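Okay, here's what each chain looks like letter by letter:
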Amino acid sequence: NAGVTQTPKFRILKIGQSMTLQCTQDMNHNYMYWYRQDPGMGLKLIYYSVGAGITDKGEVPNGYNVSRSTTEDFPLRLELAAPSQTSVYFCASQTGGSGNTIYFGEGSWLTVV
Amino acid sequence: QQQVKQSPQSLIVQKGGISIINCAYENTAFDYFPWYQQFPGKGPALLIAIRPDVSEKKEGRFTISFNKSAKQFSLHIMDSQPGDSATYFCAASKGSNYQLIWGAGTKLIIKP
């Protein structure tokens, strides 16, 4: 059981470039999340989805976009990369709602130079 | 009122000692309080969780203590081991709102 899989693991982007972080889960979870974690800091929610075709903004959505065309996939698009987007990005998924375990991917390390 | 405040930011404990990490919240509607453990280079993983109808929950060497009146909860790691060295996050959520409100994390180092 692969769980939550993120690609790429590491990426260096130049300022102004765009890219997509891929996330897929094989647990048939309805809820999916994208977080960013800056060094020494906690997790900040970027976007989330409660099911295919439904997405919504989290705490720090500016500079990002998401889509959810299938239950399994939840890609995160970075448009016009900025140094402030240098971070570690985590995709996560969860079945049902409150009180259920959130399963995280292993993270994608992004550096914008 | 949505915040969860976690302390300390970092903690060094000798092997065999007790590690204690504290969290405080304001929103009395919170009804689910998990702790997640994150090893370097990995994503967080659920360690233990509690609901406010109990004051304590123990799983092996890990215990959550919950003080509803003080709006605080804490993680205790007994007989701390070097393998427990990780970053620990507390979090909270309320009712049907599945989104977790996260603490800022505590980097725990267990010295051999």
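Please refer to the structure placed before this passage.
Caption draft 1: Representation of the overall build of chain B. Secondary structure summary: chain B contains zero helices and 11 strands in total. The helix and strand sequence of chain B, counted from the amino end, reads β-β-β-β-β-β-β-β-β-β-β. Here the C-alpha atoms of chain B give a radius of gyration of 13 Å, agreeing with the 13 Å that 2.2 N^0.38 yields for 112 residues. For chain B, the spread of C-alpha atoms along the principal axes amounts to about 40 × 30 × 20 Å. In chain B, which comprises 112 residues, the proportion classed as buried is 43%. By sequence separation, contacts in chain B at least 24 residues apart represent 55% of the contacts at least 6 residues apart.

Caption draft 2: Broad picture of the interface of chain B and chain A. Each partner contributes to the interface: chain B provides 23 residues, whereas chain A provides 23 residues. Summed over both sides, the interface of chain B with chain A buries roughly 1600 Å², with 55% coming from carbon and sulfur. By the criterion of area lost to chain A, the three top residues of chain B are Tyr98, Gln99 and Trp102 of chain B, representing 35% of everything that side buries. At the junction of chain B and chain A, the tally comes to one salt bridge. Note that Lys42 of chain B and Glu106 of chain A form a salt bridge whose closest N and O atoms lie 3.0 Å from each other. Connecting chain B to chain A are six residue pairs in polar contact (both at pLDDT 80 or more). When residues of the side of chain B that touches chain A are assigned to their parent elements, the largest contribution, five residues, is made by strand E10 (residues 97-102) of chain B.

Caption draft 3: Region of the structure containing the packing of aromatic side chains. Under the definition given, this model contains 18 aromatic pairs over all chains. Arranged with centres 5.7 Å apart and planes meeting at 40°, the rings of Phe10 of chain A and Trp109 of chain A form a pair that is tilted. Placement of Phe10 of chain A in strand E2 (residues 10-13) and of Trp109 of chain A in strand E11 (residues 108-112) is noted, with a sequence separation of 99 residues between them. Classification of Trp109 of chain A as partly exposed rests on a relative accessible area of 27%. In this structure an aromatic cluster arises from ring pairing among Tyr33, Tyr35, Phe90 and Phe104 of chain A together with Tyr36, Phe89 and Trp102 of chain B. Positioned over the ring face of Phe74 of chain A is Arg68 of chain A, at 5.9 Å from the centre of the ring.

Caption draft 4: View of the nonpolar core. All names here are of chain B. Formed by 24 residues in total, the largest nonpolar core has its most connected members in Val4, Phe33, Trp35, Phe73, Leu75, Tyr88 and Leu108. Contributing elements (two or more residues each) for this core: strand E2 (10-14), strand E3 (19-25), strand E4 (33-38), strand E5 (45-50), strand E7 (62-67), strand E8 (72-77), strand E9 (86-94) and strand E11 (106-111). No other element matches the four residues that E9 contributes to this core. Those residues in contact with Leu75 that lie beyond four places of it in its chain are Ser19, Ile20, Ile21, Trp35, Leu47, Ile48, Phe62, Thr63 and Tyr88.

Caption draft 5: Local environment of unusual backbone geometry. The linkage connecting Thr7 of chain A with the following residue, Pro8 of chain A, adopts the cis geometry, with an omega of -5°. Positionally, Pro8 of chain A belongs in the loop between strand E1 (4-7) and E2. Cis geometry is adopted by the peptide bond preceding Pro8 of chain B, which originates at Ser7 of chain B and carries an omega value of -5°. Note that Pro8 of chain B resides in the loop between strand E1 (4-7) and E2. Positive phi, close to 50°, is recorded for Leu80 of chain A, a residue that is not glycine. Structurally, Leu80 of chain A can be placed in the loop between strand E8 (76-78) and strand E9 (87-94). A relative accessible area of 63% places Leu80 of chain A in the exposed class. Backbone geometry places Asp79 of chain B, a non-glycine residue, at a positive phi of 45°.

Caption draft 6: Layout of the state of the cysteines. All names here are of chain A. Following the criterion strictly, the structure yields two disulfides over all chains and no others. Disulfide pairing places Cys23 opposite Cys91 at an S-S distance of 1.9 Å. Across the S-S bond linking Cys23 and Cys91, the dihedral sits near -75°, which makes this disulfide left-handed. Here the residue Cys23 occupies a position in strand E3 (residues 19-25), and Cys91 occupies one in strand E9, the gap between them amounting to 68 residues.

Criteria and thresholds
Residues numbered from 1 in each chain as written. Chains lettered and ligands numbered in written order. Predicted model: local features only at pLDDT ≥ 70, side-chain atom pairs only at ≥ 80, totals over all residues. Heavy atoms only, no water. Helix = DSSP H or I, 4+ residues; strand = E, 2+ residues; numbered from the N terminus. Rg over C-alpha atoms; globule rule 2.2 N^0.38 Å. Buried < 20%, exposed > 50% of the residue type's maximum accessible area, 1.4 Å probe, protein only. Contact = heavy atoms within 4.5 Å. Buried area = accessible area lost by both parts, 1.4 Å probe. Salt bridge = Lys/Arg side-chain N within 4 Å of Asp/Glu carboxyl O. Polar contact = N/O pair within 3.5 Å; in protein donor to acceptor, adjacent residues only side chain to side chain. Phe/Tyr/Trp six-rings, centres within 6.5 Å; stacked < 30°, edge-to-face > 60°. Lys NZ or Arg CZ within 6 Å of the ring centre and 35° of its normal. Core = buried A, V, L, I, M, F, W, Y, C linked by side-chain atoms within 4.5 Å. Disulfide = S-S within 2.5 Å.

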